[in-house]
Amino acid sequence: AVASTQSTGDTPGGRSFLEQIGTEAKEKELRRPPQKRVKYEELGIPSPFISDWAAIVSATCGNEKVCGGRDVSVIRNHVQLHNVISLSDDYNSSFVAVSVSCEKRGNLRAGSHLILPEDHITSHDTIGDPVYTAECNNRVIGYVTSGKYCLGSGKGGGLALILVSTYKHIGEGGRLLARNTTSKQFRFVTVSLIR
């Protein structure tokens, strides 16, 4: 599947899977010498070992006048996917599957954070240049569910899930910032809806 339920936790099995991989990732990191561990607090990453979909939904419901509930949900209905832009605000806190492609250098990994770039960043950036953590608001609106480097295009890319409200805002071919959880750098990525 393009974006399996195991990637988001919108089913009991998916939530169990997320807890398992999060525990394994944390145990692996704790086996490393303290001086070689990633300092996630300094990077501003509160949940480095698991993609916290529920936190995104909760933040969205807190910031939107209309919210379709606080449960994690992914839109998979083909009719709805072909009309995402016209969906009611009740769906703003749901997720849709998209492909993401780095505009220049960079490689994406599963769990990479996706955020909306702020106006002062998009107005002066050179396409593909990195943006650093201190310049961003760090409000996560989605996660990469699988990522890799594509030899054909010479760029990193992957599959991701982002909020419906975000896709409505940026549209097809819109830009987001992506950051691997071990990096201070964000990279610009372009977004394409998977129908």
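Got a minute to help me understand the pattern of salt bridges in this structure?
Where charged atoms from two side chains of opposite charge approach closely, those side chains can pair. The tally for this structure, following the rule as stated, stands at three salt bridges. The residue Arg32 makes a salt bridge to Glu29 at a minimum N-O spacing of 3.4 Å. The closest approach of N and O atoms between Glu103 and Arg175, which form a salt bridge, is 2.8 Å. Taken together, the positions of Glu103 in the loop between strand E1 (95–102) and strand E2 (113–115) and Arg175 in strand E6 (residues 175–179) put the pair 72 residues apart, joining distant regions of the chain.

Any chance you could explain the pairing of strand E7 (residues 185–193) here in plain terms?
Looking along a regular strand, one sees side chains alternate from face to face of the sheet. In the sheet, E1 pairs with E7 via five bridges, with the strands oriented antiparallel. Note on E7: the bridge partner recorded for Ser99 is Ser192. The sheet contact formed by strand E3 (residues 131–132) and E7 spans two bridges and is antiparallel. In the sheet register, Tyr132 faces E7, and the bridge partner there is Gln185.

For this particular structure, what's the right way to read helix H1 (residues 12–30)?
For the α-helix, the turn length of 3.6 residues means that residues three or four positions removed from each other point alike. Helix length check: H1, at 19 residues, gives a terminal C-alpha distance of 27 Å against a target of 27 Å (1.5 Å per residue), a fit within 8%. When H1 is considered as a whole, its buried residues turn out to be Gly14, Leu18, Gly22 and Glu29. Axial view of H1: buried residues confined to an arc of 70°, hence all on one face. Exposed side chains of H1 directed beyond 90 degrees from the buried face belong to Pro12, Glu19 and Lys28.

Got a minute to help me understand the nonpolar core in this structure?
The tendency in soluble globular proteins is for nonpolar side chains to be buried side by side. Judged by nonpolar contacts, the single largest core of 42 residues is most densely connected at Phe95, Val96, Val98, Leu114 and Ile162. Considering every element that reaches this core, the biggest residue donor is E1, with six residues. In this structure Leu114 touches Arg139, Val140, Ile141, Gly142, Tyr143, Val144, Ala160, Ile162, Leu176, Leu177, Ala178 and Val189, once residues within four positions along its chain are discounted.

Procedures and definitions
- Residues numbered from 1 in each chain as written.
- Predicted model: local features only at pLDDT ≥ 70, side-chain atom pairs only at ≥ 80, totals over all residues.
- Heavy atoms only, no water.
- Salt bridge = Lys/Arg side-chain N within 4 Å of Asp/Glu carboxyl O.
- Helix = DSSP H or I, 4+ residues; strand = E, 2+ residues; numbered from the N terminus.
- Pairing = 2+ DSSP bridges.
- Expected span 1.5 Å × (residues − 1).
- Buried < 20%, exposed > 50% of the residue type's maximum accessible area, 1.4 Å probe, protein only.
- Arc of directions from axis to C-beta.
- Core = buried A, V, L, I, M, F, W, Y, C linked by side-chain atoms within 4.5 Å.
- Contact = heavy atoms within 4.5 Å.

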